[in-house]
Amino acid sequence: MILLSCSSNHCSLSSNVMASAAAPSTILKSSSIFPHLGWGRRRRSCNLPSINRGVSKSTVAYYGLRSPPYKLDALEPYMSQKTLEVHWGAHHRNYVEALNKQLEKNDILYGCTLDELIRLTYNNGNPLPEFNNAAQVWNHDFFWESMQPGGGEMPKLGLLEQIEKDFGSFDNFKDKFIEAALTSFGSGWVWLVLKREKRCLAIVKTSNAINPLVWNDIPIISLDLWEHAYYLDYKNDRAKYVNTYMNHLVSWNAAAARMARAQAFVNLGEPKIPVA
Amino acid sequence: MDLTKNLTLPELPYGYEALEPAISGEIMRLHHQKHHQAYVTNFNKALHQLSAAVADGDTSAVVMLQSSLKFNGGGHINHSIFWKNLAPVSEGGGVPPKGRLGSAIDEQFGSLEALIQKMNTHGAALQGSGWWLALDKESKRISVETTANQDPIVTKGPTLVALLSIDVWEHAYYLQYKNVRPDYLKNIWNVMNWNYASAVYDKECPN
């Protein structure tokens, strides 16, 4: 399928376009239309093959930088605006731009969703160069949405029940999560995941850019343990950062929404077979 | 083997502000007094636990402690070398190597600039945490290596010796350079202690 990629002045259905073009409206324009909804559409457009040199190409961008669902100062004093500005505005942005640059040169990887791209480039443990950037883009999107102003406290209802079922109590889960974060060496992440096969919640540590998608598990919340995530605010005091995250930042609302969605894919209950 | 001999934090061979403006005093203070100290403290703790586990014949515990020993022990080894790899400008920091190391570099890499270029490329590309040393095999070749997390250079080869190291963990530069690691890599050469590197080279490669 060949799409027309065109800027408005030069968009032409003229004779030098050899392909049977789909309507230009299939090019998705993204976050300019839906900036504040939780779901941003990824902007995608397509390089024309070189036969169409006469048509001027519009900007090619495969993925966009999604904004956190709150203002950059909304997490003060637990995570400073300065941190958000550098972490989101520089680190996260760099991953997006680096990924787009890599994808320009690689036709085979074109056209995936970000989730698919991560699984593909993970290459079963022998990651391709695009993996790091793709995974870190996804990881940071997920991380911002795992936090909220006025976060912390406790999950409720179904999520709480599941945590109590799989960890004994919420306090036990919290202790285990913090312990995992503090025994992580180097750069990486800690996750609460729903394991598909085992059909239970678990705490998982990953290093560098790896995330549970590569094992086909469903992440529920994440915590960024790269030093850049906390150094400006907490310097070397990782313990304080982790505790602050659990007490004031973690968004159990986001976690509950993710759990609800996950249950479309993972059956957590016993089948309710009516007895005659 | 005396498992109870504790590590101690080595002294810095210069003041905390001595490497400015390449590396700020604030970073040096935190890096030495907090990060390196934590490696020392945690290694001693793990060593103590190892000693108890060995005495009890608790094989599982012995195995479980390995990652902590590797991480914290490596952290201590690496940072102890790192402090010696740096020197204030007033004490020769940044002065290029002469003598046999200088010729070896020119011979194996083309020029000092080429070596610096290569090291900076590797260092900038290293994802996450890690180290990155130019060093000398018993085969007498100098090579640029990177290691992950706090793995010491011997994990790349038992006959490898560190000539130079550059800590690319974010804590080594973040407060000053934020995410712009390439600037840190460019400036650190101004305080690189080639005297130390030459001395190690001459010792390990006697003519």
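Along each chain, residue indices are assigned from 1 in the same order as the chain's sequence is written. Chains carry letters and ligands carry numbers; both start at the beginning, A for chains and 1 for ligands, and go up in the order they are written. Restriction of local features to residues with pLDDT of at least 70 applies here, the model being predicted, together with a cutoff of 80 or more for giving and counting side-chain atom pairs; totals for whole chains, interfaces and linings are based on all residues. Working from all heavy atoms in the structure, the side-chain values ignore hydrogens and water.

Per an unreviewed UniProt entry, the recorded name for chain B is Superoxide dismutase, and the organism is Erythranthe guttata. UniProt positions are given in the numbering used here, feature names are shortened, and annotations may be inferred rather than shown by experiment. Database annotation for chain B, UniProt heading Sequence similarities (unreviewed entry): "Belongs to the iron/manganese superoxide dismutase family." Turning to chain B, the UniProt annotation filed under Catalytic activity (unreviewed entry) states: "2 superoxide + 2 H(+) = H2O2 + O2".

Chain A is annotated in an unreviewed UniProt entry as superoxide dismutase from Erythranthe guttata. Its UniProt record gives chain A a comment under Cofactor (unreviewed entry), which states: "Fe cation".

Colleague: Even after reading the chapter, I still don't get the interface of chain A and chain B, so can you show me in this structure?
Modeller: The figure often quoted for interface size is the accessible area lost as the parts come together. Each partner contributes residues to the interface: chain A has 17 residues there, and chain B has 18 residues. As a working definition, buried area equals the accessible area (1.4 Å probe) given up by two parts on being put together, with both sides summed. Summed over both partners, the interface of chain A with chain B comes to about 1,700 Å²; 60% of that surface belongs to carbon and sulfur atoms. Per-residue buried area on chain A facing chain B is highest for Phe-185, Glu-227 and Tyr-231 of chain A; these three make up 36% of the total on that side. Each reported salt bridge corresponds to a side-chain nitrogen of Lys or Arg within 4 Å of a carboxyl oxygen of Asp or Glu. Linking chain A with chain B are zero salt bridges. Under this definition, polar contacts are N or O atom pairs within 3.5 Å; protein pairs additionally need one hydrogen-donor-capable and one acceptor-capable atom, and for neighbouring residues in sequence, both atoms have to be side-chain atoms. Across the contact surface, chain A and chain B share six residue pairs in polar contact (both at pLDDT 80 or more). Secondary structure elements follow DSSP: runs of H or I of four or more residues count as helices, runs of E of two or more count as strands, with numbering from the N terminus. Elements with a contribution of two residues or more to the side of chain A that touches chain B: helix 1 (81-104) and helix 6 (231-234) of chain A. Top contributing element to the side of chain A that touches chain B by residue count: helix 1 of chain A, with five residues. Residue contacts are counted whenever heavy atoms from the two residues lie within 4.5 Å of one another.

Colleague: Where do I start with the domain arrangement of chain B in this structure?
Modeller: Residues and elements named next belong to chain B. All the domain ranges listed were derived from an automatic or database domain assignment. Assigned domains within chain B: domain 1 (25-88) and domain 2 (91-204). Its C-alpha centre places domain 1 at a distance of 22 Å from the equivalent point of domain 2. Between domain 1 and domain 2, the contact holds 20 residues from the first and 28 residues from the second. In terms of surface lost to domain 2, no three residues of domain 1 exceed Ile-27, Asn-78 and Asn-85, which account for 29% of the buried area on that side. In this structure, Lys-70 engages Asp-151 in a salt bridge whose closest nitrogen and oxygen atoms are separated by 3.7 Å.

Colleague: In this structure, what is going on with the packing of helix 2 (residues 114-122) of chain A against helix 3 (residues 129-145) of chain A? I would like to understand it.
Modeller: All names here are of chain A. Throughout, an axis means a line fitted to C-alpha atoms (over the contacting stretch in the case of helices), and angles, computed between N-to-C directions, take values from 0 to 180 degrees. With their axes 9 Å apart at the nearest point, helix 2 and helix 3 run at an angle of 145° to one another. Of the two elements, helix 2 crosses helix 3, and the hand of that crossing is left-handed. Mapping the contact onto sequence places Leu-114, Asp-115, Leu-117, Ile-118, Thr-121 and Tyr-122 in helix 2 and Glu-130, Phe-131, Ala-134, Ala-135, Val-137 and Trp-138 in helix 3. Crossings are sorted by hand: turned counterclockwise from the far helix by less than a right angle, the near helix makes the crossing left-handed, and turned clockwise it makes it right-handed.

Colleague: Sorry if this is basic, but what is going on with the packing of helix 1 (residues 25-56) of chain B against helix 3 (residues 66-85) of chain B here?
Modeller: The relative placement of two packed helices is expressed as an angle between their axes plus a distance between the axes. Residues and elements named next belong to chain B. Packing of helix 1 against helix 3 brings their axes to within 8 Å, and their N-to-C directions diverge by 140°. Crossing hand, helix 1 versus helix 3: left-handed. Of helix 3, the residues touching helix 1 (which contributes Met-28, His-31, His-32, His-36, Ala-38, Tyr-39, Val-40, Asn-42, Phe-43, Ala-46, Leu-47 and Leu-50) are Gln-66, Ser-68, Leu-69, Phe-71, Asn-72, Gly-73, Gly-75, His-76, His-79, Ser-80, Phe-82 and Trp-83. For the contact of helix 1 with helix 3, the residue count by class is 12 nonpolar, 12 polar and no charged. Here the nonpolar group is Ala, Val, Leu, Ile, Met, Phe, Trp, Tyr, Cys and Pro; Asp, Glu, Lys and Arg are the charged ones; every other residue, Gly included, is treated as polar.

Colleague: What should I look at first to understand the environment of Arg-238 of chain A in this one?
Modeller: All names here are of chain A. Looking at the element boundaries, Arg-238 is found in helix 7 (residues 238-249). Judged by its relative accessible area of 12%, Arg-238 falls in the buried class. Each C-alpha atom, one on Arg-238 and one on Trp-226, is 10 Å from the other, the two residues being 12 residues apart in sequence. With near-sequence residues (within four places) excluded, Arg-238 lies in contact with Ala-181, Leu-182, Ser-184, Gly-186, Leu-225 and Tyr-230. Here the term buried applies to any residue with accessible area under 20% of the maximum for its type, exposed to any over 50%, and partly exposed to those in between, with areas from a 1.4 Å probe on protein chains only.

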